[in-house]
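What follows is each chain in one-letter form.
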Amino acid sequence: MIALRAITRSRLVWISLLIVAIAATLPLYVSAYILGLLTLAYYFGVFAMAWDLLFGFAGEVNFGPTFLIGLGAYTAGILNSRYGLSIPVCVVAGAAAAVAGGVLLALPALRLRGPYFGLITLVAVLLLQNMIVIFASVTGGEIGMTVTDVLSIDETENYEYALLFMALSGAILFGLSRSPIGLILQASGQDPIEAAALGFNVAKHKLAAFCVSALFSGLAGALLIFYLGTASVGTVVDISVGVQVIIAAVLGGRRTILGGAIGAVFLIVAGEVLRPLGELSTFVVSAVALAVILFFPAGLLGMLMRGREMR
Amino acid sequence: MVGLPSSSRKSRSLEPAIVRAMLGLQILIDGFAISALYALGATGFTLIFGVSGVLNLSHGAIMVAAAVAAWALAGNPLFGTYLGALLGVGVGVVVAFATYFIVVRPIQRSRAIAEVEKEIFILTGTLLWGIMIQEAIAYLYTSNPKTVRPLVDGVIGIAGVRTPINELVTAAICWSVIGLLWLLVNRTRAGKVLLAASINPRGVTLLGFELSSVYLLVWAIYGVLAGIAGVLLAMFLGVSSDGIGPLTASAFSIVVLGGLGSVSGSLAAAYVVGYIETITAYMISPAYRTIPVLLLLVLVVYLRPQGLLGRR
């Protein structure tokens, strides 16, 4: 109850609600093209927020967010294109597969320290990518596969789905991070021995964090392919996609959850604004992200909040 | 992670036993050269980690930057192959120093970043820096694969297996450089300080050595190692800016397999990885060449997180 009251009192929450409300009215006055961009950005926002729960709170360096995202996306895609299951069933199955993947990742995470675990997550992505290419008859290999159903053919509807999904995920993840569970996670991330000495079950909480992060990654991955209509290694599995997710989360501000969404929108919009630069746009985006890390390590949202009410 | 030498040498159809023996020999030779290159590439990576605790995820980018510079300069008649290769290594050193001064040192000295989080910031920072180098190379020189003319041309037959002399030269250079590094670390004063810093940084400071100059030295050595490895790679297999990620990943996996910070472990692991990849590529299919290594890596990290010869 205390947590609930703290949340309703937090200014951040009200500002976020206002922004979501304004975002919901965007289809009235912006072009379908911009809506399409933002739709993509919202799904990326969920990826980044789910990643932040693991990194910012549980302190786990996950270099392979796309392992969880890809599992969700490909499971949903294969069930839809090969077995013709309906979208909701596929999305739930995709999320379940991602959670299973999350448990698989959590097992080494409980035993390994930073860089070792980071490498395992990297290897997990590379293995998944290899498997997708090897079993090309099922997955479409490097070319990718087309799913039979799509969420909607209307840009506005797609946009509203994505916004709703991001807002709900953000609310749940943010609520979780501000709850006692979030505090225990943060403690176990920073000093697992002391957290355990205080009587908290570190393993159980970390496992829960992995499951929740995987759940949202998988859901977002599955929904994303039903928005795009295709699933390919280049859009949901490749390491460069994972790097984008990480950049978005760090740019927005670690340990803020909501920062991930801001970072993702910023990244995608910046990429679009810089499109005239051609190949150099990635260079500029990386340079900006690096500058933020060097000069404002707390990230965009962290900079705005200056620790006033966040703690 | 790296393709096999393009010159596929098919043995003339003799008796199967001889063919098999020749294939075995070929795997032995190719694997040896590739592993030597892996070893050199991974040595610098592990050295930096051992001395300053930095996992440099722009490693592949530095290698490729040196290689592409050598490629661009060697194509200029003013420089030629040898000077071009040398200048390429120089570019490797410059980029390594840039990595240290622009990315790593500001993070190490930052007051805004908590001590426990520096590791992750350096990982993220060097990753971004690597992407910047990659994009800059792709923009200036396109992402097409580039091959530098080998230092020595020609082919030699070893018990019937036709082997480019360059392959042997590559292995020889790699081992000479690693040997020189060993001499430097174990037989010179500066090297001994470096070794001491990797064991106990605080103790070295207390003895009156400036830690920051030790770091400068180790980054200089690192730049030379990565530069040579990059240029040799460009002569042996060719490089492209798209191959930067896989290069970093293979150096990272070799180093973890051998034990973070252990140079001898990295050398052993480089041979394990090089031979497993070569055997897979020849006996099963080039498409599967990285998979057994990845599985081995997962297994080793689960069962023995400190790596084959790790200290911790």
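Residues numbered from 1 in each chain as written. Chains lettered and ligands numbered in written order. Predicted model: local features only at pLDDT ≥ 70, side-chain atom pairs only at ≥ 80, totals over all residues.

**Q** Just give me the short version of the pairing of strand β1 (residues 155-158) of chain B, but keep the residues and values in it.
**A** Residues and elements named next belong to chain B. Relative to strand β2 (residues 161-164), β1 runs antiparallel, the two being bridged by four bridges. Directly across from Ile158, in β2, lies its bridge partner Val161. Joining the antiparallel neighbours β1 and β2 is a turn of two residues, in which Ala159 adopts a positive phi near 50°. (Pairing = 2+ DSSP bridges. Helix = DSSP H or I, 4+ residues; strand = E, 2+ residues; numbered from the N terminus.)

**Q** Describe the interface of chain A and chain B, and please don't skip the residues or the numbers.
**A** With 31 residues of chain A at the contact, the number on the chain B side is 36 residues. Of all elements in the fold, only α6 (114-134), α13 (239-252) and α15 (280-295) of chain A reach the threshold of two or more residues within the side of chain A that touches chain B. Of the residues forming the side of chain A that touches chain B, the biggest block, 11 residues, is contributed by α6 of chain A. Of the residues that constitute the side of chain A that touches chain B, the class distribution is 23 nonpolar, six polar and two charged. (Contact = placed C-beta atoms within 7 Å. Nonpolar A, V, L, I, M, F, W, Y, C, P; charged D, E, K, R; others polar.)

**Q** Give me the confidence of the model for chain A: which residues, what numbers.
**A** Mean pLDDT over chain A: 86, with 95% of residues reaching 70 or higher. Least confident of the elements in chain A is helix α1 (residues 2-9) of chain A, whose mean pLDDT is 60; most confident is helix α4 (residues 65-83) of chain A, at 93. (pLDDT = per-residue confidence, 0-100.)

**Q** Could you give an account of the packing of helix α5 (residues 87-109) of chain A against helix α11 (residues 202-228) of chain A, with specific residues and numbers?
**A** Residues and elements named next belong to chain A. Where α5 meets α11, the closest approach of the two axes is 7 Å, and the angle between their N-to-C directions is 145°. Seen along the crossing, α5 lies across α11 with a hand that is right-handed. For the contact of α5 with α11, the residue count by class is 20 nonpolar, seven polar and one charged. (Axes fitted to C-alpha atoms, helices over the stretch in contact; angles between N-to-C directions. Left-handed = near helix turned anticlockwise from the far one by under 90°.)

**Q** Describe unusual backbone geometry, with residues and values.
**A** Within the chain, Arg255 of chain A stands out as a residue other than glycine whose phi angle is a positive 60°. For Arg255 of chain A, the position within the fold is in the loop between α13 and α14 (258-273).

**Q** Explain the confidence of the model for chain B residue by residue, including any values.
**A** All names here are of chain B. Looking at chain B, pLDDT values average 85 and 94% of them are 70 or higher. When mean pLDDT is taken per element in chain B, helix α2 (residues 59-74) scores highest with 93 and β1 scores lowest with 78. Ignoring residues within four places in sequence, the model shows residues 1-11, a span with pLDDT below 50, making 19 contacts including any to other chains. Among the prediction metrics, the complex's ipTM stands at 0.81, with pTM recorded as 0.84.

**Q** Describe the packing of α4 of chain A against α11 of chain A, naming the residues involved and giving the relevant values.
**A** All names here are of chain A. At a minimum axis distance of 7 Å, the contact between α4 and α11 shows a crossing angle of 50°. Accordingly, the angle class assigned to the pair α4 and α11 is oblique. Taken as a pair, α4 and α11 cross one another with a handedness that is right-handed. Of the residues in α11, those touching α4 at Pro65, Leu68, Ile69, Gly70, Leu71, Gly72, Ala73, Ala76 and Gly77 are Ala214, Ser217, Gly218, Leu219, Ala220, Gly221, Ala222, Leu224 and Ile225. (Parallel < 35°, antiparallel > 145°, perpendicular 65-115°, else oblique.)

**Q** Go over the environment of Ser232 of chain A, please, and point to the residues and values.
**A** Residue and element names in this part refer to chain A. Considering the arrangement of structural elements, one finds Ser232 in the loop between β2 (230-231) and α12 (233-236). Since 22 C-beta atoms lie within 10 Å of it, Ser232 is described here as buried. Through-space distance from the C-alpha of Ser232 to that of Gly141 is 7.9 Å; in sequence the pair is 91 residues apart. (Buried ≥ 20, exposed ≤ 12 C-beta atoms within 10 Å, placed from the backbone.)

**Q** Help me get a handle on the nonpolar core, residues and values and all.
**A** Residues and elements named next belong to chain B. If you look at the biggest cluster of nonpolar residues, it comprises 201 residues, and the most contacted ones within it are Leu37, Ala65, Ala66, Ala67, Ala70 and Val231. Among the elements that take part in this core, helix α8 (residues 211-236) stands out by supplying 17 residues, more than any other. Ignoring anything within four residues of it in the chain, the contact list for Ala67 reads Gly88, Val148, Gly230, Val231, Leu233, Ala234 and Val239. (Core = buried A, V, L, I, M, F, W, Y, C linked by C-beta atoms within 7 Å.)

**Q** Provide a residue-level description of helix α9 (residues 244-258) of chain B, including the pertinent values.
**A** Working note: α-helix, 3.6 residues per turn, so residues spaced by three or four point in the same direction. Residues and elements named next belong to chain B. Spanning 15 residues, α9 covers 21 Å between terminal C-alpha atoms, matching the ideal 21 Å at 1.5 Å per step. Most of α9 is tucked away, with 14 of its 15 residues classed as buried. One or two positions beyond α9, positive phi appears at Gly259, with a value near 110°. (Expected span 1.5 Å × (residues − 1).)

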